[in-house]
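# Notes for the structure review
One letter stands for each residue in the lines below.
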Amino acid sequence: MDFAFTDEQDELRRTARRWLDEKCPSPRVRELMESDSGFDERLWKEMAGLGWQGMAIPEQHGGAGFSFLETFVLLEEMGRSLYPSPFFSTVVLGTPAVLEAGSDEQKGAILPAVASGDLTLALAFTEPNGLWTEPGVEATARLEGNDWMVDGTKSFVLDGHTAGTLVVAARTPVGVSLFLVDGQAEGLARRRLETMDMTRKQAEVQLSSVRGDLLGEEGKGWDVLEWVLQRAVVGLAGEQVGGAQTCLDSAVAYAKVRHQFGRPIGSFQAIKHKCADMLVQVESAKSAAYYAAWAATADEAELALAAPLAKSYCSEAYFFCAAENIQIHGGIGFTWEHDAHLYFKRAKSSELLFGDPAFHRASLADRLGL
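These notes cover the structure that comes with them. (Residues numbered from 1 in each chain as written. Predicted model: local features only at pLDDT ≥ 70, side-chain atom pairs only at ≥ 80, totals over all residues. Heavy atoms only, no water.)

### Regarding the layout of surface pockets
In this approach, a probe sized like a water molecule rolls over the atoms, and the result shows the empty space that is left. Considering only enclosed or pocket space, the largest pocket measures out at about 360 Å³ in volume. Forming the boundary of the largest pocket are 18 residues, of which Glu226, Leu229, Phe359, Ser363 and Arg367 lie nearest the centre. The set of elements that each furnish at least two residues to the lining of the largest pocket consists of α7 (221–257), α9 (300–329) and α11 (357–368). In terms of residues, the lining of the largest pocket owes the most to one element, α7, which gives 7 residues. Counted by class, the lining of the largest pocket contains 10 nonpolar, 4 polar and 4 charged residues. (1 Å grid on protein atoms, 1.4 Å probe; cavity = no way out; pocket = protein on both sides within 12 Å on 5 of 7 lines; lining within 4 Å. Points joined across faces, edges and corners; volume = space filled by probe spheres on them. Helix = DSSP H or I, 4+ residues; strand = E, 2+ residues; numbered from the N terminus. Nonpolar A, V, L, I, M, F, W, Y, C, P; charged D, E, K, R; others polar.)

### Things to note about the environment of Lys45
One can find Lys45 in helix α3 (residues 41–50). Look at Lys45 and you get partly exposed, because its relative accessible area is 40%. When the C-alpha atoms of Lys45 and Ala244 are compared, they prove to be 28 Å apart, with 199 residues separating the residues in sequence. Ignoring sequence-local partners within four residues, the contact set of Lys45 consists of Ser116, Gly117 and Asp118. Polar side-chain contacts of Lys45 include one of 2.6 Å to the side chain of Asp118. (Buried < 20%, exposed > 50% of the residue type's maximum accessible area, 1.4 Å probe, protein only. Contact = heavy atoms within 4.5 Å. Polar contact = N/O pair within 3.5 Å; in protein donor to acceptor, adjacent residues only side chain to side chain.)

### Observations concerning the packing of helix α4 (residues 68–81) against α7
Here α4 crosses α7 at 40°, and the two axes come no closer than 7 Å. Relative to α7, the element α4 lies oblique. The two elements α4 and α7 meet at a crossing, and its hand is right-handed. Residue-level inspection shows Phe68, Phe72, Leu75, Glu76, Gly79 and Arg80 of α4 in contact with α7, the latter providing Arg231, Val234, Gly235, Gly238, Glu239, Val241, Gly242, Gly243 and Thr246. Considered class by class, the residues forming the contact of α4 with α7 number 5 nonpolar, 6 polar and 4 charged. (Axes fitted to C-alpha atoms, helices over the stretch in contact; angles between N-to-C directions. Parallel < 35°, antiparallel > 145°, perpendicular 65-115°, else oblique. Left-handed = near helix turned anticlockwise from the far one by under 90°.)

### Details of the pairing of strand β2 (residues 140–144)
Summarising the sheet, β2 and strand β3 (residues 147–158) pair through 5 bridges and their orientation is antiparallel. Note on β3: the bridge partner recorded for Thr140 is Asp151. Linking β2 to β3, which pair antiparallel, is a turn of 2 residues; within it Gly145 sits at a positive phi near 70°. (Pairing = 2+ DSSP bridges.)

### Some thoughts on the environment of Gln281
Position of Gln281 among the secondary structure elements: in helix α8 (residues 269–298). Residue classification places Gln281 among the partly exposed positions, given a relative accessible area of 22%. Among all residues touching Gln281, those that are not within four sequence positions of it are Tyr313, Ala317, Phe320 and Cys321.

### Structural notes on empty space enclosed by the protein
Across all of its chains, the model carries 3 cavities of 30 Å³ or more by this definition. Quantified by volume, the largest cavity comes out at close to 140 Å³. Counting only elements with at least two residues in the lining of the largest cavity, the list comes to α4 and α5 (87–101). Ranked by the residues each element gives to the lining of the largest cavity, the list is headed by α5, at 3 residues.

### Some details on the pattern of salt bridges
Close approach of charged atoms lets side chains of opposite charge pair. This model, assessed by the stated rule, comprises 29 salt bridges. Between Arg18 and Glu11 there is a salt bridge, and its shortest N-O distance comes to 3.7 Å. Its relative accessible area of 49% is what places Arg18 among the partly exposed residues. When salt bridges with common partners are traced through the structure, they connect Lys23, Arg28, Glu31, Asp40, Arg42 and Glu46 into a single cluster. (Salt bridge = Lys/Arg side-chain N within 4 Å of Asp/Glu carboxyl O.)

### A closer look at helix α1 (residues 7–23)
Relative to the 24 Å expected for 17 residues at 1.5 Å per residue, α1 spans 24 Å between its end C-alpha atoms, a close match to the ideal helical length. Packed against the buried residues of α1 are α3, α4 and α8. (Expected span 1.5 Å × (residues − 1).)

### What about the nonpolar core?
Within soluble globular proteins, side chains that are nonpolar tend to cluster in buried spots. The biggest cluster of nonpolar side chains holds 77 residues, and the ones touching the most others in it are Trp52, Phe87, Phe88, Leu93, Phe125, Val234 and Phe354. Those residues in contact with Val234, other than ones at most four positions away along the chain, are Phe68, Phe72, Ala289, Ala292, Ala293, Leu303 and Ala307. If you look at the next biggest cluster of nonpolar residues, it comprises 21 residues, including Leu82, Tyr254, Ala322 and Tyr343. (Core = buried A, V, L, I, M, F, W, Y, C linked by side-chain atoms within 4.5 Å.)

Treat this as a map of the structure, not an account of what it does.
So, in structure tokens, the structure goes:
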């Protein structure tokens, strides 16, 4: 059992960091977060040329055939820079659902297009009731002749307003099932939501007798969603670790150059304690997230325990570091011009996404039989 990253994975991290720093620095992030789509299509295609969208897609479907761990490395670096793109919705949510449940024909139609950067995906399973569990799926699907027709409203759909194809969860007479819905389908209405975190777009999706193609076996949709979401929360933990590290680095750098009473504020005991506490949170979060990433790649049994542990701990660690970063920066940390608030908002948004820490601790307790 080896939890260390390989030389190739470390090089992938360095390459990703250089690319993100060069192509999407803070001023560009701010431009994109103000746009309606929330991402740069030119950069999206450039990423595809680097092989990032197809990193974990099998080679027979146009991908690179790597493991979840390489995608995790990319997610950590994207979390570090707050890179705005539909990478998470497409690569971490939509693509695994198609890989796990899709027919050979569906995989052949979707996965090569994702890998080439020609198609984005969104996973639409949550609804206005705000539940992240199976009972929350209230949308319905019915057969009309040979066609499935889907009705319902989906909320908090990551990049749902721009996705070329949506994976929609709906109930049929035998249970929750998944359907592929074209982003331009008749009867589909999409509206971007105004959310606290402007760097990650969310949408409301309304379906009124929208034609969908059954993805996988009817009534087995929630089994697929559980499999996808276990890995998604690990990927999100990777983003949270990257963001928390940036908050720590920013706080330490500022504490070295900001002077009060003729000395750097980093020399004051109170600031030292804050930075030390942030370091403990970041390093502990890394341990939880990296272990969960290994489990997602190598050990399904461990993943059931490691995933909720990583999501709950990394959520709180990121929010703690984002808040302390603002405090250490003082007045400037509260201004729109400083990036501290962007990380604070991403930290809170990510804390709630897929369930808050209490939700995941309860899931962990259930799996442990407590």
